[in-house]
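So you can see what is in the structure, the chains are spelled out below.
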2 protein chains.
Amino acid sequence: MADAKQDAEKAHSGLRYADAGVDIDAGNDAVARIGALVKTTRRPEQLDAIGGFAGMFALSKTLEDPVLVSCTDGVGTKLLVAIAANEHATVGIDLVAMSVNDLVVTGAEPLFVLDYIATGALAPSHVEAIVSGVCEGCRQSGAALLGGETAELPGMYADGHYDLAATAVGVVERAKILGPERVAVGDVVLGLASDGLHSNGYSLARKALLEPAYAGLDLGALLPGSDLSVGAALLRPTRIYVKSMRAAFDLDRAPIHAAAHITGGGLLENPPRGLRADQAVSLDLSRVPRDPIFTAIAAQGVSEQEMRRTFNCGVGMLLYVEADRADEVASTLRDLGERVFVLGAVRARGDAAAPQVTFHGE
Amino acid sequence: MADAKQDAEKAHSGLRYADAGVDIDAGNDAVARIGALVKTTRRPEQLDAIGGFAGMFALSKTLEDPVLVSCTDGVGTKLLVAIAANEHATVGIDLVAMSVNDLVVTGAEPLFVLDYIATGALAPSHVEAIVSGVCEGCRQSGAALLGGETAELPGMYADGHYDLAATAVGVVERAKILGPERVAVGDVVLGLASDGLHSNGYSLARKALLEPAYAGLDLGALLPGSDLSVGAALLRPTRIYVKSMRAAFDLDRAPIHAAAHITGGGLLENPPRGLRADQAVSLDLSRVPRDPIFTAIAAQGVSEQEMRRTFNCGVGMLLYVEADRADEVASTLRDLGERVFVLGAVRARGDAAAPQVTFHGE
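Residues numbered from 1 in each chain as written. Chains lettered and ligands numbered in written order. Predicted model: local features only at pLDDT ≥ 70, side-chain atom pairs only at ≥ 80, totals over all residues. Heavy atoms only, no water.

What follows concerns the interface of chain A and chain B. Tallying the contact residues gives 91 residues for chain A and 93 residues for chain B. A combined buried area of about 7200 Å² lies between chain A and chain B, and 63% of that area is made up of carbon and sulfur atoms. Put simply, chain A and chain B have two salt bridges between them. Close ionic contact of A:D65 with B:K61 constitutes a salt bridge, the shortest N to O distance being 3.8 Å. Between chain A and chain B we count 14 residue pairs in polar contact (both at pLDDT 80 or more) in total. For the side of chain A that touches chain B, the element with the most residues is strand 3 (residues 66-74) of chain A, which contributes nine residues. (Contact = heavy atoms within 4.5 Å. Buried area = accessible area lost by both parts, 1.4 Å probe. Salt bridge = Lys/Arg side-chain N within 4 Å of Asp/Glu carboxyl O. Polar contact = N/O pair within 3.5 Å; in protein donor to acceptor, adjacent residues only side chain to side chain. Helix = DSSP H or I, 4+ residues; strand = E, 2+ residues; numbered from the N terminus.)

All names here are of chain A. With the rule as written, the count across this model stands at zero disulfides over all chains. Lacking any disulfide linkage, C138 is separated from the closest cysteine sulfur, that of C135, by 6.0 Å. For C138, a relative accessible area of 0% translates into the label buried. (Disulfide = S-S within 2.5 Å. Buried < 20%, exposed > 50% of the residue type's maximum accessible area, 1.4 Å probe, protein only.)

Okay, the domain arrangement of chain A next. Residues and elements named next belong to chain A. For chain A, the assigned domains are domain 1 (14-175) and domain 2 (180-359). Of the residues lining the interface, 29 residues belong to domain 1; the matching set on domain 2 comes to 26 residues. Both sides of the domain 1 and domain 2 interface together cover about 2200 Å² of buried area, and 65% of this is carbon and sulfur. Among the residues of domain 1 in contact with domain 2, K78, V81 and N101 are the three that bury the most area, contributing 26% of the side total. Inspection of the region where domain 1 meets domain 2 yields zero salt bridges. (Domains from an automatic or database assignment.)

It is worth spelling out the nonpolar core at this point. One broad trend across soluble globular proteins is that nonpolar side chains are buried collectively. Residues A:I297, A:L319, B:I297 and B:L319 are the most contacted members of the largest nonpolar core, which totals 224 residues. Among all residues touching B:L319, those that are not within four sequence positions of it are B:V188, B:V189, B:L190, B:L192, B:M245, B:I256, B:A258, B:A259 and B:L333. Judged by nonpolar contacts, the second largest core, of 20 residues, contains B:F57, B:L114, B:A144 and B:V169. (Core = buried A, V, L, I, M, F, W, Y, C linked by side-chain atoms within 4.5 Å.)

The next thing to look at is the packing of helix 8 (residues 242-249) of chain B against helix 12 (residues 326-335) of chain B. Residues and elements named next belong to chain B. Viewed as axis vectors pointing N to C, helix 8 and helix 12 meet at an angle of 145°, and their least axial separation amounts to 9 Å. Our pair here, helix 8 against helix 12, has a crossing hand that is right-handed. Along its contact with helix 8, which presents S244, M245, A247 and A248, the element helix 12 presents V329, T332 and L333. (Axes fitted to C-alpha atoms, helices over the stretch in contact; angles between N-to-C directions. Left-handed = near helix turned anticlockwise from the far one by under 90°.)

Another point: the sheet that holds strand 3 of chain A. What the six strands build is an open sheet, ordered 5(A)-4(A)-6(A)-3(A)-2(B)-1(B); its pairing is mixed. Each of the sheet's edge strands pairs with one partner strand only, and the pair in question is strand 5 (144-152) of chain A together with strand 1 (46-47) of chain B. Together, strand 4 (109-119), strand 5 and strand 6 (162-173) of chain A form the strand contacts of helix 5 (residues 124-141) of chain A, whose direction differs from that of strand 4 of chain A by roughly 170°. (Pairing = 2+ DSSP bridges.)

The transformation that overlays chain A on chain B combines an axial shift of 0.0 Å with a rotation of 180°, and the residual RMSD is 0.0 Å. The relationship between the two copies is best expressed as a two-fold rotation axis. With an isologous cut-off of 70% or more, the 100% of interface residues of chain A that recur at the interface of chain B puts this contact in the isologous class. (Least-squares fit on C-alpha atoms with pLDDT ≥ 70 in both.)

Overall, the coordinates contain 36 salt bridges over all chains when judged by the stated rule. Two residues, B:D291 and B:R236, come together in a salt bridge whose shortest N-O distance is 3.0 Å. One end of the pair, B:D291, is in the loop between strand 9 (279-283) and helix 10 (292-298); the other, B:R236, is in the loop between helix 7 (230-234) and helix 8, with 55 residues separating them in the sequence. In the salt-bridge network here, residues are joined through shared partners; they are A:D195, A:R236, A:R239, A:D291 and A:E338.

Residues and elements named next belong to chain A. The mixed open sheet is built from six strands, whose spatial order is 8-10-7-11-9-12. Looking at which strands have only one partner, the edges of the open sheet turn out to be strand 8 (256-261) and strand 12 (357-359). Across the sheet, the axes of successive neighbouring strands diverge by a mean angle of 25°, strand direction being ignored. Across five bridges, the pairing between strand 8 and strand 10 (residues 315-321) is antiparallel. By the bridge assignment, H261 is partnered in strand 10 with M317. Of the strands in this sheet, strand 7 (188-193), strand 8 and strand 10 are in contact with helix 8 (residues 242-249), which crosses strand 8 at around 160°. Contacts from helix 12 (residues 326-335) reach strand 7, strand 8, strand 10 and strand 11 (340-348), with the element oriented near 10° to strand 7.

The next subject is the side chain of B:Q46. Checked against the element boundaries, B:Q46 lands in strand 1. Not counting the four nearest positions on each side in its chain, B:Q46 is found in contact with B:T41, B:M56, B:F57, B:A144, B:L145 and B:L146.

This next bit is on helix 3 (residues 78-85) of chain A. All names here are of chain A. Within helix 3, six of the eight residues are buried, which leaves it mostly tucked inside the rest of the structure. The complete set of buried residues in helix 3 reads K78, L79, L80, V81, A82 and I83. Tucked inside the fold, the buried residues of helix 3 contact helix 4 (90-104), strand 6, helix 6 (202-210) and helix 7 (230-234). N86 sits one or two positions beyond helix 3 and adopts a positive phi of about 50°.

Glancing now at unusual backbone geometry. Phi is mostly negative for residues that are not glycine, and the peptide bonds are mostly trans. For A:H198, which is not glycine, the phi dihedral falls at a positive 55°. Here A:H198 is to be found in the loop between strand 7 and helix 6. Take A:H198: its relative accessible area is 1%, and that puts it in the buried class. In this structure, B:C313 is a non-glycine residue whose phi angle is positive, near 50°. Along the chain, the position of B:C313 falls in the loop between helix 11 (304-310) and strand 10 (315-321). On the basis of relative accessibility, which here comes to 2%, the residue B:C313 falls in the buried class.

Turning to its location among the elements, A:R273 is positioned in the loop between helix 9 (266-269) and strand 9 (279-283). Assessed through its relative accessible area of 23%, A:R273 is described here as partly exposed. Residues A:R273 and A:P212, 61 residues apart in the sequence, show an inter-C-alpha distance of 37 Å. Dropping the residues within four chain positions of it, A:R273 is found in contact with A:P180, A:T263, B:I50, B:G51, B:G52 and B:F53.

We now examine the packing of helix 4 of chain A against helix 8 of chain A. Residues and elements named next belong to chain A. The geometry of helix 4 relative to helix 8 is characterised by a closest axis approach of 10 Å and an angle of 10° between their N-to-C directions. Accordingly, the angle class assigned to the pair helix 4 and helix 8 is roughly parallel. Residue-level inspection shows V100, N101 and V104 of helix 4 in contact with helix 8, the latter providing V242, M245, R246 and F249. Partitioning the contact of helix 4 with helix 8 into residue classes produces five nonpolar, one polar and one charged. (Parallel < 35°, antiparallel > 145°, perpendicular 65-115°, else oblique. Nonpolar A, V, L, I, M, F, W, Y, C, P; charged D, E, K, R; others polar.)

Residue and element names in this part refer to chain A. The buried fraction of strand 9 amounts to five of the five residues, a majority that puts the element mostly inside the structure. Judged by which residues are buried, strand 9 turns out to be covered on both faces: Q279, V281 and L283 on one side and A280 and S282 on the other are all buried. Pairing analysis gives three bridges linking strand 9 to strand 11, with the strands arranged antiparallel. In the strand pairing of strand 11, A280 is matched with R347. In terms of strand pairing, strand 9 meets strand 12 through three bridges, oriented parallel. In the sheet register, L283 faces strand 12, and the bridge partner there is F359.

Below, the structure written as structure tokens:
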């Protein structure tokens, strides 16, 4: 059992941490590479955390009744596309997007993000690419990258594989929290255009588009009906709605009552999260241009119902808006680069057993 | 490419999300199981987050100048021991411990935790066990489990494997932040006993104890010098120091100046994180009983220097304490269940090239 203890090399150096597959120098190299990137997300509220056990962020003293808002998310199997394409920056944007888009629907301002990157063996250049994307996502949402963990876990991940998670923390004045209790019958439902699949439904999308039994496309092939390759279309970063939505939240007398991020569960499960149980909506998707990636997936035999419960189908965010101010809100959002669709209006749900979301013409 | 589209089954049901390896019903089952556990960590500041896109937590209005403190960590390859032993609750405690022990050294109170659990295929009973441990860790540290993500990632993890990450968020009055700038020459260094390895150095520990070329022990075998099995010794949960340390922080006129969590980097890299650059300590480890697990690892040819830079070697937390109040602090900590060792005193570091940490008798 102890034969190896007789090895000349071991007799010389003993058993070291690096022998166990953990390369501290590679870890330090990655830390140096990401330091400069992280500085681009710095906010004035950050304190220098001497010793660096934890990140520190001073809360504004002008808030009257601050409520902290926080959520955690990952990128899912979109990572397997990034790994296959050897393109690691865009998933960093996705990682931040999934959390801050969940956070902003409460009305909160994202303050900071912490990330977790886990691999079997650290490739500093991959870590640098991922963190560059995380920092891009932070800048797009105005959040500081306050901390994170880069974990090297020999034996846990296949070669070249990694997983990512992030947590976003924000703050909202209690009196300004958005939600179903503000929503009234007659409120207009605005949809904000998505940038493709975002980060949901990739297990199904990959199966439909890439597996030989279905479309069997190569990542480098042109996506039917698109000028993007399949890989590029699959890796489009999740759109971050924070800055445009927060501008619209801040309009006089708060015309936005609630919002729903169209994330896992798609257009079936998410719209009700912004509604009261006695309210329903009928969405007119005929106004939403369908990205070629959705068409290509549906062509593999995915029913419209399954599409809607898996994907955003072109709508990344829903807003429930005071009816007579829908034009003003839409115009504010368009000025900030969003494509906005009027999808319907909130109505009373007469029958508690009736679905809360239906679709025009069905 | 589209042969499968002719399948009778597919013609019947179409391609569904579950066909792609994502089992939404298993996910919902896991969610139901963990709901009751999570309630045991609830704090009165939590708001019901209708829609549930993000967790919400009201900050105390009595804070004068609140600074948020946050950190993220994982459990590392200790998970591989948990998976091999099919024992999934203790790593949930570790997960919380690693973050809240990092957080408390700033002087902060942990408020809430969010967790991330990623697997290839959801085993609801494993998720339940993990979350039961996470909730135990939250209760031990007084933090609410405010949110989390359970991600099923087919193709990302080997069968039965999973990864965990958690983020802790706390708050501290700016005037009460601990750190090196408070530490004075003459301060006494108190060490708090660890409960074995905690969650660091497992790649080396597993190699030394389990691999046939080294000790080659089975998880079920008795650890030499111990009444625990190797598996039980390797899976001892990381000790959570939050409640005892916070009681000692609150002693009149704040006798604790700084603290250092003995985490990755062990007794070489962590003690300096609580010191100014012009300060040094010499630690007397002869006062620290060495757990049999450290002895068994060292016996496989790991040098004392490598032990100290990889493991906590019996000391899970260091406190830098006003000299004439060290007895009072130690007694407060002992009353709350800690074993406390006087390890040395802070001295001036005459030579900026000299190491900041040395050891008595060397």
